[in-house]
Amino acid sequence: MQRRLWLGAAAALLTGCGFELRRAPEFRFRSIALAGFAPRSPLAAEIARRIEASPTTQLMEATSQAQVVLQALADERQRVVVATTAAAQVREIQLRVRLVFTLRTSGGTPLMAPSELLLTRDIGYSESVALAKEQEEALLFRAMESDIADQVMRRLAALPPL
């Protein structure tokens, strides 16, 4: 009996505080197409997966069939050596994921000015654990692409109705 009382009180507190699970964003357009991304771009795949989870919007293959088009002007993954030893051995690498995009109607009318999203991560490097560092890079690239996809979804959800 006392346990039910505590559970009821906990449920009432969670309800009263406005707690709600995160759900897919609801966009103010019915269909969207992705254009300008590199072939088999992991970033495009992540954005497409998130759009498909939306209950209000369909992802279209052809830009002519979509109400709006997310146009990638740049979709880049970069790996830059930041620090080396006196013996020219790599000691630190910077990973970068960059997306420059715009949103337009299928007729070409711009809905959003070109926006740039750039994420960087620095990681140490050692030749003795090169395979592990390669896996760490892949993991960091996926995490950065996921962050960029989240930012794109928030910007699309904030658009006014068409």
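Draft legend 1. Examining helix H2 (residues 42-52) more closely. By the burial criterion, the buried members of H2 are Leu43, Ala44, Glu46, Ile47, Ala48, Arg50 and Ile51. Structurally, H2 contributes buried residues whose contacts are with strand E1 (31-35), strand E2 (58-60), strand E3 (68-84), strand E4 (90-105) and helix H3 (130-157). The N-cap residue of H2 is Ser41: its side-chain oxygen and the backbone nitrogen of Leu43 are 3.3 Å apart.

Draft legend 2. Geometry of the sheet that holds E3. Taken in spatial order, the 5 strands make up an open sheet running E2-E1-E3-E4-E5, and their pairing is mixed. For this open sheet the edge positions go to E2 and strand E5 (110-124), each flanked by a neighbour on one side alone. The mean inter-strand angle of the sheet, taken between neighbouring strand axes irrespective of direction, is 25°. Inspection of the sheet shows E1 paired to E2 by 3 bridges, in the parallel sense. Its bridge partner being in E2, Ile32 is matched across the sheet by Leu59. Sheet contacts for H2: E1, E2, E3 and E4; angle to E1, the most-contacted strand, approximately 175°.

Draft legend 3. View of the packing of aromatic side chains. In the structure shown here, the tally under the stated rule is 1 aromatic pair. Measuring from ring centre to ring centre gives 5.3 Å for Phe27 and Phe29, while their planes differ by 10°; the resulting arrangement is stacked. Judged by relative accessible area, Phe27 falls into the buried class, the value being 6%. Stacked on the ring of Tyr125, the Lys or Arg Arg79 has its end atom at 5.8 Å from the ring centre.

Draft legend 4. Focus on unusual backbone geometry. Even without a glycine there, the phi angle at Arg40 is positive, about 55°. Inspection of the secondary structure assignment puts Arg40 in the loop between E1 and H2.

Draft legend 5. Region of the structure containing the pairing of E1. With 4 of 5 residues buried, E1 is to be regarded as a mostly interior element. Summarising the sheet, E1 and E3 pair through 4 bridges and their orientation is parallel. Each residue of the ladder has a partner; that of Ile32, found in E3, is Val68.

Parameters at a glance
Residues numbered from 1 in each chain as written. Predicted model: local features only at pLDDT ≥ 70, side-chain atom pairs only at ≥ 80, totals over all residues. Heavy atoms only, no water. Buried < 20%, exposed > 50% of the residue type's maximum accessible area, 1.4 Å probe, protein only. Helix = DSSP H or I, 4+ residues; strand = E, 2+ residues; numbered from the N terminus. Contact = heavy atoms within 4.5 Å. Polar contact = N/O pair within 3.5 Å; in protein donor to acceptor, adjacent residues only side chain to side chain. Pairing = 2+ DSSP bridges. Axes fitted to C-alpha atoms, helices over the stretch in contact; angles between N-to-C directions. Phe/Tyr/Trp six-rings, centres within 6.5 Å; stacked < 30°, edge-to-face > 60°. Lys NZ or Arg CZ within 6 Å of the ring centre and 35° of its normal.

Functional significance is not addressed by these values, which are geometric in nature.
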